Amino acid sequence: MLRAIDENTITDAAIEQMASTPDPRLKRIMASLVKNLHNWAREADLTPEEWLEGIKFLTAVGQKCTAYRQEFILLSDTLGMSSLINALHDKRATEAGTKSSLVGPFYRTDSPPMRLGDTIVTKPSNGLEVVLYGRVTDRSGKGVPNASVEVWQPDETGNYDLQKHDPSEMDLRGHFHTDAEGRYYLRTVVPTGYMIPMDGPVGDMIRAQKRHGYRPAHIHFIVGAPGYREVVTALYLEGDAHVDSDTVFGVTESLVTKVNAKDPNSPIPNLPSIKFDFQLAAATAKDMTGRVGADPSQITKAGA
Ligand SMILES: [Fe+2]
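From a predicted model like this one, the values you see are computed outputs, not experimental measurements.

Novice: Account for the coordination of the iron ion, with residues named and values stated.
Specialist: Protein ligation of the iron ion involves Tyr 160 (OH), Tyr 194 (OH), His 218 (NE2) and His 220 (NE2), the donor distances falling in the range 1.9 to 2.2 Å. Read in sequence order, the donor residues coordinating the iron ion give the pattern Y-x33-Y-x23-H-x1-H. Here Tyr 194, found in strand β5 (residues 194–195), pairs with His 218, found in strand β7 (residues 218–224); they are 24 residues apart in sequence, far enough to count as distant.

Novice: Outline the nonpolar core, listing residues and values.
Specialist: Counting 31 residues, the largest nonpolar core has Leu 132, Val 136, Val 151, Tyr 184, Phe 221 and Phe 278 as the members making the most contacts within it. Of all the elements, strand β8 (residues 231–237) adds the most residues to this core, at 5 residues. Once you skip the residues sitting within four places of it in the chain, Phe 221 turns out to touch Leu 132, Val 149, Glu 150, Val 151, Trp 152, Tyr 184, Val 231, Val 232, Thr 233, Ala 234, Leu 235 and Phe 278. Met 198, Val 202, Met 205 and Val 248 belong to the second-largest nonpolar core, a separate cluster that totals 10 residues.

Novice: Break down the packing of helix α3 (residues 48–63) against helix α7 (residues 201–208) for me, with residues and values.
Specialist: Running from N to C, α3 and α7 cross one another at 135°; their axes reach a closest spacing of 8 Å. On the basis of the axis angle, α3 is oblique to α7. Of the residues in α7, those touching α3 at Phe 57, Ala 60 and Val 61 are Pro 201, Val 202 and Met 205. Among the residues forming the contact of α3 with α7, the class breakdown is 6 nonpolar, no polar and no charged.

Novice: With reference to specific residues and values, describe helix α5 (residues 81–91).
Specialist: Buried within α5 we find Ser 82, Asn 86 and His 89. Buried residues of α5 fall within an arc of 60° about the axis and therefore sit on the same side. Packing partners of the buried residues in α5 comprise α4 (71–78).

Novice: Break down the sheet that holds strand β9 (residues 256–257) for me, citing the residues and quoting the values.
Specialist: Taken in spatial order, the 5 strands line up as β3-β2-β7-β8-β9 in an open sheet, and their pairing is mixed. Of all the strands in the sheet, the pair left with one neighbour each is β3 (173–177) and β9. Note: strand β2 (residues 148–152) against β7, 5 bridges, orientation antiparallel. Note on β7: the bridge partner recorded for Val 149 is Val 223.

Novice: Could you give an account of the side chain of Thr 257, with specific residues and numbers?
Specialist: Assignment of secondary structure puts Thr 257 in strand β9. You can call Thr 257 buried: its relative accessible area is 6%. Not counting residues up to four positions away in its chain, the partners in contact with Thr 257 are Leu 235, Tyr 236, Leu 237, Glu 238, Ile 274, Lys 275 and Phe 276.

Novice: Account for the packing of helix α1 (residues 9–17) against helix α2 (residues 24–44), with residues named and values stated.
Specialist: Interhelical geometry of α1 versus α2 gives an angle of 160° and a closest axis separation of 9 Å. Between α1 and α2, the interaxial angle falls into the category roughly antiparallel. Along this stretch, α1 crosses α2, giving a crossing that reads as right-handed. Where α1 approaches α2, its residues Ile 10, Thr 11, Ala 14 and Ile 15 are matched on the opposing element by Ala 31, Val 34, Lys 35, His 38 and Arg 42.

Novice: Break down the packing of aromatic side chains for me, with residues and values.
Specialist: Taken as a whole, this structure holds 9 aromatic pairs when the rule is applied. Consider the rings of Phe 106 and Tyr 194, whose centres lie 6.3 Å apart with planes at 80°: the pair is edge-to-face. Note that Phe 106 is positioned in the loop between α5 and β1 (129–137) and Tyr 194 in strand β5, a separation of 88 residues in sequence. Overall, the relative accessible area of 6% leaves Tyr 194 in the buried class.

Novice: So, the side chain of Asp 171: which residues are in play, and what are the values?
Specialist: By the secondary structure assignment, Asp 171 is in the loop between α6 (161–164) and β3. Given the relative accessible area of 5%, Asp 171 is considered buried. Of note is the side chain of Asp 171, whose polar atom sits 2.8 Å from the side chain of Thr 122.

Novice: So, a nonpolar patch on the surface: which residues are in play, and what are the values?
Specialist: Nonpolar side chains collect at one region of the surface, where Leu 33, Leu 37, Trp 40, Trp 51, Leu 52 and Ile 55 lie side by side and expose about 560 Å² of accessible area between them. Checked against the element boundaries, Ile 55 lands in helix α3.

Novice: Talk me through the environment of Asn 126; I want residue IDs and the actual numbers.
Specialist: Tracing the chain through its elements places Asn 126 in the loop between α5 and β1. In this structure the C-alpha to C-alpha distance between Asn 126 and Lys 262, which are 136 residues apart in sequence, comes to 20 Å.

Rules used throughout
Residues numbered from 1 in each chain as written. Predicted model: local features only at pLDDT ≥ 70, side-chain atom pairs only at ≥ 80, totals over all residues. Heavy atoms only, no water. Donors = N, O, S within 2.8 Å, 3.2 Å for Na, K, Ca; no water. Helix = DSSP H or I, 4+ residues; strand = E, 2+ residues; numbered from the N terminus. Core = buried A, V, L, I, M, F, W, Y, C linked by side-chain atoms within 4.5 Å. Buried < 20%, exposed > 50% of the residue type's maximum accessible area, 1.4 Å probe, protein only. Contact = heavy atoms within 4.5 Å. Axes fitted to C-alpha atoms, helices over the stretch in contact; angles between N-to-C directions. Parallel < 35°, antiparallel > 145°, perpendicular 65-115°, else oblique. Nonpolar A, V, L, I, M, F, W, Y, C, P; charged D, E, K, R; others polar. Arc of directions from axis to C-beta. Pairing = 2+ DSSP bridges. Left-handed = near helix turned anticlockwise from the far one by under 90°. Phe/Tyr/Trp six-rings, centres within 6.5 Å; stacked < 30°, edge-to-face > 60°. Polar contact = N/O pair within 3.5 Å; in protein donor to acceptor, adjacent residues only side chain to side chain. Patch = residues over 30% accessible without salt bridge, like charges linked within 9 Å, V, L, I, M, F, W, Y side chains within 5 Å. Areas by Shrake-Rupley, 256 points an atom, 1.4 Å probe, with all protein chains shown as cover. Salt bridge = Lys/Arg side-chain N within 4 Å of Asp/Glu carboxyl O.

This is the structure in structure tokens:
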């Protein structure tokens, strides 16, 4: 039946045509996307010029992506989408665990394997040396032995290796495994907060919105073990000027830590230290990855 298409009937028309989608999950996601996208256009009373501006913006976001730069993840992060998807992921857990935070655009899958106590600092550094230590436990507080602990962070100037050196060179990344009691400890330098990459379309958006563009100082982690939900998270440093106004909304209260100048319980007590225990929830059959983001080179490969 030929129907009159207007600013309201177009929504049902589009959803009905997509009703032939065999995959029920894809069908639901797309119907909801169309419904909300159309509502957005109606609510904002979007003009042709504005929509074209949006298409130009998304085109520029795609063109900025390389194997070492992921502008779409940055867009997801700065719109609060990554944080929202993380919160939905945490809600699906059947047991309490450490809260998720952003993967961000600087994760790499192949960080070097290291032994407990090693330093992830491999280039000359003026940063304040610090010990990161704690335990990986289950819900009952029992240590999880041989848990995988991937860590990556910016340096004392707020730069990741991907931004500074030949991108094939790694620095300030390491892949550790906990000991028989679930303990981990490693050496690094205290990171500094940084401004997100502002030389692309996402930077233009941030400037147009008069946002400051900063992330508070943080250290990224992916922690996991067989039988448990992987935790993708980051630790944030108390006292940072932007700890309550993170441009990508990654900070949550339970992930804020501090540098202790003297901690007799630290495995390397003559250095300042940051202590944090990660709690893993038992995996359920429904669990998919909690990674909102990926190594940029993997995304470029998938899209090629
Ligand atoms: Fe980061």
